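Fold and contact review
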Amino acid sequence: MTVLADLLTALRTGGVEIIDLTAPLSDATPVLELPEQFGQTARFRLEEISRYDDRGPAWYWNNFRTGEHTGTHFDAPNHWASGRDLADIASVPVGALVAPAVVLDVAAHVAEDPDFLIEREHIDAFVAEHGPLPEGGWLLCRTGWSARTSQQDMINRGEDGPHSPGLSVEAARWVAEESPLQGIGVETVGTDAGAAAGFDPLFPCHHYLLGNGKYGLSQLRNLDRLPATGALVLASPLRIEGGSGSPTRVLALVER
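Here's what I pulled together on the structure shown here. For clarity, every value in this text was computed on a predicted model and none was experimentally measured.

Another aspect to go through is the overall build of the chain. The helix and strand tally for the chain stands at 6 helices and 14 strands. The C-alpha radius of gyration computed for the chain amounts to 19 Å, which stays within 12% of the reference 18 Å derived for 256 residues, consistent with globular compactness. Projected onto its principal axes, the C-alpha positions of the chain cover 65 × 55 × 40 Å. Burial statistics for the chain: of 256 residues in total, 46% are counted as buried. Sequence separation of 24 or more characterises 72% of the internal contacts of the chain that already satisfy a separation of 6 or more. As displayed, the chain offers around 13,000 Å² of accessible surface, 53% of which is attributable to carbon and sulfur atoms.

Now the structure itself:
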């Protein structure tokens, strides 16, 4: 038990900091927008059951309704057609829920171009500076997009469609098929760039990563508080049988 005891001591004394990467869930949480002909996800809603009143004098509780892919959430492989026969969210191995992470910071590029795409060359430059990507780890993409907390700002829709950063087709394919990573994490409403409906294949992060049994985390916050390497991410989705994803509490452990 020495390792766990040492970790507990580090947490209590500040040697290891816990950083919450999760956006709060409310009826104002931004949600994915699909073309009108497709089904739409539900916004988060609380329905009060009782609040210390005649419906329940000593207790307060609620029902809630939301989509699996609302707020900070975890994409399981079966979320996309390319991974339809792979794991649902309840079948994601617990080992994948605790994994190392690296942070690729492209916020300065995104500030100049909201459609900025992360290319292989950006990942290669990161590796050249910081060393190999972690086996079974996350590539967290810091874009500064988490500062956009309203539906309008998060989607950033123009006359020609939404505008937000993401991975290029080739970068998504490489992460899915050649890298040692288990998935990516982003600050945007979903793992793909805003213009990805026009890519080939469309929505390449979903297509390649989920089709290769990998995962996605979306709507992360506080990536600016993480080091480029060395963080340990704990992602805890609900274990929904047959589910394609789940709102998720995502925490990072960082040595100080």
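As a further point, take the packing of aromatic side chains. Under the criterion given, the structure shown has 6 aromatic pairs. Ring geometry for tyrosine 52 against tyrosine 60: centres 6.2 Å apart, planes inclined by 50 degrees, an arrangement best described as tilted. Seen in terms of ring centroids, tryptophan 80 and phenylalanine 203 are 5.7 Å apart; in terms of plane orientation they differ by 70 degrees. Their pairing is edge-to-face. Separated by 123 residues along the polypeptide, tryptophan 80 in the loop between strand 4 (73-75) and strand 5 (98-105) and phenylalanine 203 in the loop between strand 11 (183-185) and helix 6 (204-211) bring together distant segments of the chain. A relative accessible area of 22% means that phenylalanine 203 is categorised as partly exposed. Here a set of aromatic residues connected by ring pairs shows up, and it is made of Phe74, Trp138 and Tyr215. Here the basic side chain of arginine 51 rests over the ring of tyrosine 60, its NZ or CZ set 4.1 Å away from the ring centre.

Side-chain pairing between opposite charges can occur once the charged atoms of the two side chains come close. A complete count under the given rule lists 11 salt bridges for this structure. The closest approach of N and O atoms between aspartate 124 and arginine 120, which form a salt bridge, is 3.3 Å. Of this pair, aspartate 124 and arginine 120 both sit in helix 3 (residues 120-130), separated by 4 residues, roughly a single helical turn. On the accessibility criterion, aspartate 124 (35% relative accessible area) is partly exposed. When its relative accessible area of 25% is taken as the criterion, arginine 120 is described as partly exposed. We note a salt bridge from glutamate 178 to arginine 173, for which the minimum N-O separation is 2.7 Å. Look at glutamate 178 and you get partly exposed, because its relative accessible area is 49%. Taking the relative accessible area as the measure of exposure, arginine 173 reaches 18% and is therefore buried.

Turning next to a nonpolar patch on the surface. A cluster of nonpolar side chains, namely Leu46, Tyr52, Tyr60, Phe64 and Leu238, defines an oily patch on the protein surface of about 560 Å² accessible area. Of all the secondary-structure elements, those providing two or more residues to the nonpolar patch are strand 2 (45-53) and strand 3 (56-65). Counting through the fold element by element, tyrosine 52 comes out in strand 2. Classification of tyrosine 52 as exposed rests on a relative accessible area of 53%.

With that out of the way, let us pick up the state of the cysteines. Tallied over the entire structure, the rule returns 0 disulfides. No disulfide involves cysteine 141; its sulfur sits 7.8 Å from that of cysteine 205, the nearest cysteine. For cysteine 141, a relative accessible area of 2% puts it in the buried group.

Rules behind the numbers
Residues numbered from 1 in each chain as written. Predicted model: local features only at pLDDT ≥ 70, side-chain atom pairs only at ≥ 80, totals over all residues. Heavy atoms only, no water. Helix = DSSP H or I, 4+ residues; strand = E, 2+ residues; numbered from the N terminus. Rg over C-alpha atoms; globule rule 2.2 N^0.38 Å. Buried < 20%, exposed > 50% of the residue type's maximum accessible area, 1.4 Å probe, protein only. Contact = heavy atoms within 4.5 Å. Areas by Shrake-Rupley, 256 points an atom, 1.4 Å probe, with all protein chains shown as cover. Phe/Tyr/Trp six-rings, centres within 6.5 Å; stacked < 30°, edge-to-face > 60°. Lys NZ or Arg CZ within 6 Å of the ring centre and 35° of its normal. Salt bridge = Lys/Arg side-chain N within 4 Å of Asp/Glu carboxyl O. Patch = residues over 30% accessible without salt bridge, like charges linked within 9 Å, V, L, I, M, F, W, Y side chains within 5 Å. Disulfide = S-S within 2.5 Å.

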